Each structure stands twice: as C-alpha cells, then as structure tokens.
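Each chain, written out:
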Amino acid sequence: MYEYSMEAVIDKVLFRPMVPGERDILVPGRYASNAQGEDGQLTPESEHLACFAGGMFALGAKIFNRKGDLDIARRLTDGCVWAYESTTTGIMPELYQAVACESRYECSWNETKWWDVLDPYRAARTKALAPFPHLAPSTSIALVPTSAAVRAQPAALTSAAVHVDLEKRQFDEVPGAIAAKAFGTPVERPIVATGNILGGAPAVYTSPPPPLSHEEYVKAKISEERLPPGFKSIPDSKYILRPEAIESVFYMYRITGDDYWREKGWKMFMAIQKYTRVEYGYSAIDDVTKSAPELKDEMESFWLAETLKYFYLLFSDPELVSLDDWV
C-alpha cells in the first residue's frame, strides 16, 4: 500500500519551485481531484505540516529498498530547509505559495516570470480609465491647483455649456501629484467646472491617480508583503514551534550520515532560539517575515514531545537511540 500510494504522490503532488541559484529541491503541493479519480489540479502551495514528507520518503527508501526515493527525500527535505532560509527570521512560515517550474528536473530562475505571477491582472490594472464618465461630453473641465480651487469664482459665470479640454490638465501642478506618480499614493486633483452647474458655485470633482506601472506594483507588493524571491504569497506567516522540518532533517542525517543535515539543523535551531525563547520556555511568533516578530504567548505540547526531541537526537551520538531498535 505504501509503495502504491507513493507512486501517486510522486506523480501528482510534488513540484519543483522556481528559486534563485537553481537549487535542486522539491515541495509537496496541494492536489485536488474528484471521486472518479480523474486528473485534478496541483496548486503550488505548501505548509510546514507537509515537511514530514522528506523523512517519510527517507524511511521508505531504507525499509523497502527504494533507492530512488532517497533522492526524492533529499530534495523534499532541502525544500523545507530552503523555506527556512528564505525568510527574515530564518524560520519557515506556516503556509506559503510558490511559483512552480514546468519540469521537476530542470528549472532556471526567471525574475520576469516571478514578477508576472505577482501581477496577474497587469493588463486590466494598467488599462487607462475613461475620465469622469458621469459628466456630459460637452461639459468643459479645467484642472487648477488646490489653492486656486477654493477661490471665489466671478459672479458673471453663466450656465452655458463649454467644451472638454483634457489637454489642459496640469497634473504636476497639484501638490503631491509627482509623489503620487512615483509611489502610487492617491491624491485628489480638484477639477473646477467653468459652467454654472451648481447654482453659481464651482463644481469640484477629483480624478483617480494613474495606475502603478508593472515595476512599481511588483516592487511595492514584494516590500509590503516581505516576499522572498520565488514566493508568490504567504497567507499564514506565523510559526508555532512545529517539528516536521527538523524531523525530516534528523532522518536524513541518520540514514545518510551526511553532516550537511546537521549544519542545516543547527542553523534552524539557532533561528528558533533567537526569536522564540522566553523566560519560562518558548513561544509561537506571529510573523516569520518580520525582523522583530511578536510573541504569541503559546507553546504547543509538540514542541517538547517532538521538535526538541528531534533537535536533541540530531546532535546526539547515533548510538544513543538506534533507529534499528526503536521507532
């Protein structure tokens, strides 16, 4: 049953994320299918809970002599290590979305593709909007600086309609307009109608700021959401002291004897120690992308029962608890 199910997992669930440096990693995604078993859809979304998969494949390779699965185990475990190393704190978020490569074996970093994924509605978003559709086509409007917009208008204003002249909009004369263009900050642009359409008072309208360019939008999104390269989004950025990643790192070290896993495990431990240690234990944190995450004053039981156990065994003599004698 294990071998049959793993073939389906390899075929349908695993994907390679597009990351800088062409790191050879795999990540378990979210696969949705129906009861008839028809082809479903793989979403390149993963979570900390799924990091047990590397250790599972490693144990399966050992027990069932599935040598090819050990390489899958390596790539899956290193995928979780990558997620740890990518964030500001050096700790993996609870849930994230990545950009999937077309192939699990060859994949080059493409920043243009990453940016396109971050701005999926670029064409519609940057499409020029028709100005003031609620105004009659024959109504003339003229843009004036804010200071002038509040001046009293001459008493001789008439109700005669005049013509639209959009070329006379003096965008850069409005206070804050240049900054709005550069940073996408909404700023009111007073429009004063020269016709007597409000009982003698000038009619003031505001025009929307121009849409952000593709580059401005993407850079703002990356900055605001603190997205590491290759991440599409981080829907849940907390860390609640979960054990799954270090569990797989532990199994990979025990099965391969490669000190690479001890080195990665130590970096993970030091990051967790730095951001979660409190006076009487350890605390979950609210956001691993922050430079100063907030403590949640919560410590799950699996921190003691599992997470610390795997850290302890990773750096202990392998003879302390033999995996051939203990489960």
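Below is a summary of the structure that appears in this document. (Residues numbered from 1 in each chain as written. Predicted model: local features only at pLDDT ≥ 70, side-chain atom pairs only at ≥ 80, totals over all residues. Heavy atoms only, no water.)

1. Looking at the sheet that holds strand β5 (residues 45-47)
Two orientations exist for strands paired in a sheet by backbone hydrogen bonds: parallel and antiparallel.
Consideration 1: Ordered in space as β5-β6-β10, the three strands form an open sheet in which the pairing is antiparallel. The open sheet has two edge strands, β5 and β10 (231-236), and neither has a second partner. Neighbour to neighbour, the strand axes of the sheet diverge by 25° on average, direction disregarded.
Consideration 2: Two elements, strand β6 (residues 95-98) and β10, share three bridges in a ladder whose sense is antiparallel. (Pairing = 2+ DSSP bridges. Helix = DSSP H or I, 4+ residues; strand = E, 2+ residues; numbered from the N terminus. Axes fitted to C-alpha atoms, helices over the stretch in contact; angles between N-to-C directions.)

2. Considering the layout of surface pockets
Consideration 1: A volume near 510 Å³ is recorded for the largest pocket.
Consideration 2: Along the wall of the largest pocket there are 20 residues; nearest its centre are Arg254, Ser322, Leu323, Asp324 and Trp326.
Consideration 3: Put simply, the parts of the chain that give the lining of the largest pocket at least two residues each are α2 (52-63), α9 (244-256) and α11 (302-314).
Consideration 4: With five residues, α9 is the single largest residue contributor to the lining of the largest pocket.
Consideration 5: Its residues assigned to classes, the lining of the largest pocket shows 13 nonpolar, two polar and five charged. (1 Å grid on protein atoms, 1.4 Å probe; cavity = no way out; pocket = protein on both sides within 12 Å on 5 of 7 lines; lining within 4 Å. Points joined across faces, edges and corners; volume = space filled by probe spheres on them. Nonpolar A, V, L, I, M, F, W, Y, C, P; charged D, E, K, R; others polar.)

3. Notes on the packing of aromatic side chains
Consideration 1: As enumerated under the stated definition, the model contains 13 aromatic pairs in all.
Consideration 2: On the basis of an interplanar angle of 50° and a centroid distance of 5.6 Å, the ring pair of Trp109 and Trp114 is categorised as tilted.
Consideration 3: Judged by relative accessible area, Trp109 falls into the partly exposed class, the value being 26%.
Consideration 4: Connected via pairs of aromatic rings, a cluster forms that spans Trp266, Phe269, Phe311 and Phe315.
Consideration 5: One Lys or Arg, Lys309, reaches over the ring of Tyr310 and ends 4.6 Å from the middle of that ring. (Phe/Tyr/Trp six-rings, centres within 6.5 Å; stacked < 30°, edge-to-face > 60°. Buried < 20%, exposed > 50% of the residue type's maximum accessible area, 1.4 Å probe, protein only. Lys NZ or Arg CZ within 6 Å of the ring centre and 35° of its normal.)

4. A short note on the state of the cysteines
Consideration 1: Enumeration over the complete set of coordinates arrives at two disulfides.
Consideration 2: Disulfide pairing places Cys51 opposite Cys80 at an S-S distance of 2.0 Å. The chirality of the disulfide connecting Cys51 with Cys80 is left-handed, given an S-S dihedral of about -110°. In this pair, Cys51 sits in the loop between β5 and α2 while Cys80 sits in helix α3 (residues 67-86), placing the two residues 29 residues apart along the sequence. The same class applies to Cys51 as to Cys80, namely buried.
Consideration 3: Across the disulfide, Cys101 is cross-linked to Cys107 (sulfur-sulfur distance 1.9 Å). Where Cys101 bonds to Cys107 through sulfur, the torsion about that S-S bond is close to -75°, and the disulfide is left-handed. (Disulfide = S-S within 2.5 Å.)

5. A word on a nonpolar patch on the surface
Consideration 1: The grouping of Trp266, Met270 and Phe315 at the surface amounts to a nonpolar patch, some 290 Å² of accessible area in total.
Consideration 2: Its location among the elements puts Trp266 in helix α10 (residues 259-276). (Patch = residues over 30% accessible without salt bridge, like charges linked within 9 Å, V, L, I, M, F, W, Y side chains within 5 Å. Areas by Shrake-Rupley, 256 points an atom, 1.4 Å probe, with all protein chains shown as cover. Salt bridge = Lys/Arg side-chain N within 4 Å of Asp/Glu carboxyl O.)

6. Examining the pattern of salt bridges
Consideration 1: Under the criterion given, the structure shown has 21 salt bridges.
Consideration 2: When the shortest N-O distance is used, the salt bridge between Glu85 and Arg23 registers 3.0 Å. Taken as a pair, Glu85 in helix α3 and Arg23 in the loop between β1 (14-15) and β2 (27-28) lie far apart in primary sequence, 62 residues in all.
Consideration 3: A relative accessible area of 31% places Glu85 in the partly exposed class.

7. What to know about unusual backbone geometry
Consideration 1: Despite not being glycine, Glu22 has its phi angle at roughly 55°, a positive value.
Consideration 2: The residue Glu22 is located in the loop between β1 and β2 in this model.
Consideration 3: Notably, Asp297 is not glycine yet its phi reads approximately 60°, a positive angle.
Consideration 4: Structurally, the position occupied by Asp297 is in the loop between β12 (281-282) and α11.

8. Things to note about the environment of Glu3
Consideration 1: As for its placement among the helices and strands, Glu3 is situated in helix α1 (residues 2-12).
Consideration 2: Along the backbone, Glu3 and Gly60 are 57 residues apart, and their C-alpha atoms lie at a distance of 8.3 Å.
Consideration 3: Not counting residues up to four positions away in its chain, the partners in contact with Glu3 are Phe64 and Arg66. (Contact = heavy atoms within 4.5 Å.)

9. Regarding α11
Consideration 1: The first and last C-alpha atoms of α11 sit 17 Å apart over 13 residues, in line with the 18 Å expected at 1.5 Å per residue.
Consideration 2: The largest bend in α11 is about 30°, located at Leu308.
Consideration 3: Next to the buried residues of α11 lie α9, α10 and β12. (Expected span 1.5 Å × (residues − 1). Bend = angle between axes of the 7 residues up to and from the residue.)

10. Considering the nonpolar core
Consideration 1: The biggest cluster of nonpolar side chains holds 60 residues, and the ones touching the most others in it are Phe57, Tyr84, Ile91, Tyr96, Tyr239 and Met268.
Consideration 2: Residues within four places of Tyr96 in sequence aside, it is in contact with Val27, Pro44, Glu45, Ser46, Trp82, Ala83, Phe231, Ser233, Ile234 and Pro235. (Core = buried A, V, L, I, M, F, W, Y, C linked by side-chain atoms within 4.5 Å.)

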